[in-house]
Structures are given as C-alpha cells and as structure tokens.
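Spelled out, the chains give:
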Amino acid sequence: MEFDDPTPGPGEVVIEVKASGLCGSDLHAYRAPSDDRAFRKLAKGKPYETMRDGGPIIAGHEPCGVVVAIGPGIDRNIARIGQRVMIHHYSGCHICDQCRTGWPQICENKVPDIYGWTAHGAHAKYMKCAAHTLVTLPEELSFEAGAAIACGSGTSYAALRKIQPNGSHTIAIFGQGPVGLSGTQFAAAMGARVIALDISPERLEMARRFGAVETINPVETDAVEAIRELTHGRGAHYTLETSGAPQAINDAVKCLRLWGTAVFVGLGQPTEINLASDVIFRQINMAGSFTFSTNLMEDCGVFSVDRGIDVGSIFSDRWALEDAGKAYDLLDKQVGGKGVIVF
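Please read all numbers here as calculations on a predicted model, not as lab measurements.

Calculation criteria
Residues numbered from 1 in each chain as written. Predicted model: local features only at pLDDT ≥ 70, side-chain atom pairs only at ≥ 80, totals over all residues. Heavy atoms only, no water. Core = buried A, V, L, I, M, F, W, Y, C linked by side-chain atoms within 4.5 Å. Buried < 20%, exposed > 50% of the residue type's maximum accessible area, 1.4 Å probe, protein only. Helix = DSSP H or I, 4+ residues; strand = E, 2+ residues; numbered from the N terminus. Contact = heavy atoms within 4.5 Å. Axes fitted to C-alpha atoms, helices over the stretch in contact; angles between N-to-C directions. Parallel < 35°, antiparallel > 145°, perpendicular 65-115°, else oblique. Left-handed = near helix turned anticlockwise from the far one by under 90°. Pairing = 2+ DSSP bridges. Phe/Tyr/Trp six-rings, centres within 6.5 Å; stacked < 30°, edge-to-face > 60°. Lys NZ or Arg CZ within 6 Å of the ring centre and 35° of its normal.

(A) The nonpolar core, seen in detail. Leu160, Ile171, Phe186 and Leu240 are the most contacted members of the largest nonpolar core, which has 43 residues in total. When contributions to this core are tallied by element, the ones reaching two or more residues are α4 (143-149), α5 (152-163), β8 (170-174), α6 (178-189), β9 (193-197), α7 (201-209), β11 (236-241) and α11 (294-307). A total of five residues in this core trace back to one element, the largest contributor, which is α5. Beyond its immediate chain neighbours, meaning those up to four positions away, Leu240 contacts Ala159, Leu160, Ile171, Ala172, Ile173, Phe174, Gly183, Val263 and Val265.

What follows is the structure in structure tokens.
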C-alpha cells in the first residue's frame, strides 16, 4: 500500500528507517481475519484491539534509523537532525509514574500506542514517533543491532537484569528463538554457564555459537533430569523461559535448585504449577518480565558495545522493502531464523 510521508507535530519526530526487524508477534496481525467483526472477537481485551480504528496500519515494531525531521517544542538534547536512534515502540501518557520512569507499555492512564500495531510502524522508508521514545544508538553498533535491541534482544537483556547472573551461576534458557538466543548471548557475556533448550537442532547449534556450553532437546530427553545431571544433582540457579510452551514453563520451575529463580517472558497457553511442592516448599522465586524500559534499552546498547557482542548476528535473513511480502511469507512458515528489512 502507499502512504503519504509523515510530518511531525508537536513533540514528534520523523526518522528515516535504516533497519526494521520482523518479530513472531507480527504474525498475530498478519494472520488476523480480514472481516472486522471476526477480528474484534479475536483481539478483544488485547492491546491491539483498536488497531483498525484509524484504517490500515504500517507494521514494524523493531525500528532503528536516523532523525530527519523534528516537530515544535523539542529540546535539542532530546532529538537532533542526523541522530542515530532506536525507538521504544510504546507511547503512553508521558505523565504517570510508569511513563516517567521509562515503562510506557504499562501506562497507568491509557492503553499505550504501539508502533506497528495501533500506530504506524517501521516497515516504510519514514516513520513518525513521539520524541520521548527515542533512544540513542551507540556509534559502534549497526542499525541492524539497534533493530534487534528494539524488541527481542532488549527483552532478554531486561529479563536477565532482574536476576543478574554471573560466573558463579548456571542458567537454563528455554527456547532458542530470537529472544532465547539473544538471552544466551547476554548471559554468556555476563559470565554465566548457559544451558540452552530447544526442539530445533539448528537453533541449538546457533545457541552453541552464541555461547551456550550445553544444549538439550526436550523431545529427546527429560529436560529436568538432564539439567540436574549437568548441575551435580542440584539444578540450575536461574531459568529464563522464552517459548511460552506449557511444558517448558513447568520444567523451568522444576529444574531449579532450592532458592532458585525463574523469569518468564514467553507468551503462550495457560499452564498449572503446583505452588506447594514446586514453589513454596523449595523457596523458589518466580518473576515476569515484559519487554524493557527506555533506560534498559540504552543500557543494553552500551553493554553490547562494552562486551563486544555482535547483537545483529541474531538476523539470519535480510530483505529489501520491496521484498516484504516474501519476508512475511517466510516468517509465516516459521522455518527460518529472524529476518530484518534493511534500507
């Protein structure tokens, strides 16, 4: 489809997009029924329920680019022409406690705008966004790296920051899709011993390249028993669950040692955990982690530079904008790695 180039209003900027990642969550919109009534039923109660209210929406919630236009009322310390930026893809009320501390996705006063879902995203040459969503991209990082941090890699980094793994810890990371693989990258860079789990041999091989010292295919072996065997019978200090699969969620709790901590980022089907035997009696901690703040997004970029992490290596497929149809067709099959549209 063709759209007019955006013009920034007060408090807004326009970026020239340089890289825009494709995410598995984009498939919710891609696969959604074309009939509005059927879509409303599917999306009811979800953040993207209103995504069709203003007409068709340009997809892409993993943006990275260069500021090319600035609206009225924006201080130069917030945005300047030519600035290399990542974009935090949520925009809330700007005034509640959550927004003011960099967490607009859990805005207390409104359902936030979500770029690529309820507001135009980055699968286009130009993108308009609120100036407060900009996060400076370090000069040492590529635009592709910035696009990775803008969603999947930033999500795994924020989850790991909740537990602060180091060289004395073993962490089991369930799921080696883009979020899990970047979690493997970061946890290894933090010094932790990483055990990676996935049902795909290809993804497990990538996990080894990204720093995992052990890999487990849950289809071939009992994941909990295997993790205990690798940890002298005690279990992992930490787990990071990225797949959302009910069995993985349960295993991520059961494989922990006493006083261990599980962090959950995967969105999937509901599951049941025995709070008495699996959590309370074993002094287990469980934490949820929903994407990341603007501050953590900035920290992730600096951490990647300081540790020499090739964040952009998470992308296995690169596409031109005119090939976006092919990119989504491949994404829909879910047989390849992570893709990015480059300009």
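(B) Molecular detail of unusual backbone geometry. Non-glycine residue His232 carries a positive phi angle of around 60°. Counting through the fold element by element, His232 comes out in the loop between α8 (223-229) and β11. We classify His232 as exposed; its relative accessible area is 78%. Here Gln283, not a glycine, exhibits a phi torsion of approximately 55°, which is positive. Its relative accessible area of 40% is what places Gln283 among the partly exposed residues.

(C) Layout of the side chain of Thr184. Note on placement: Thr184 falls in helix α6. In contact with Thr184, not counting residues within four places along its chain, are Ile173, Gln176, Val194, Ala196, Ala207, Phe210, Gly211 and Ala212.

(D) A look at the packing of α5 against α6. Orientation of α5 relative to α6, taken along the N-to-C sense of each, is 50°, at an axis distance of 8 Å. Considering the angle they form, α5 stands oblique to α6. Both α5 and α6 take part in a crossing whose hand is right-handed. Each of Gly152, Ser153, Thr155, Ser156, Tyr157 and Leu160 in α5 lies in contact with α6, whose residues at this interface are Val179, Ser182, Gly183, Phe186 and Ala187.

(E) Summary view of the sheet that holds β9. Judged by pairing direction, the sheet is parallel, and its six strands sit side by side in the order β10-β9-β8-β11-β12-β13 without closing on themselves. This sheet does not close on itself; its edge strands, each paired only once, are β10 (214-216) and β13 (285-288). Strand-to-strand, the axes of this sheet are offset by a mean angle of 20°, without reference to chain direction. Pairing of β11 with strand β12 (residues 256-264), which is carried by five bridges, proceeds in the parallel orientation. Opposite Ala236, over in β12, you have Leu256 as the bridge partner. Running at roughly 170° to β8, α6 makes contact with β8, β9 and β11 of the sheet.

(F) View of the packing of aromatic side chains. Here the structure, examined in full by the defined rule, presents five aromatic pairs. For the pair Tyr157 and Phe303, a centre-to-centre distance of 5.5 Å together with 50° between the ring planes defines the contact as tilted. Of this pair, Tyr157 sits in helix α5 while Phe303 sits in helix α11, and the two are 146 residues apart along the sequence. When sorted by exposure, Tyr157 lands in the same class as Phe303, which is buried. Taken together, the aromatic side chains of Tyr157, Phe186 and Phe303 make up a single cluster linked through ring pairs. The positively charged end of Arg84 is found above the aromatic ring belonging to Phe143, 4.6 Å away from the centroid.

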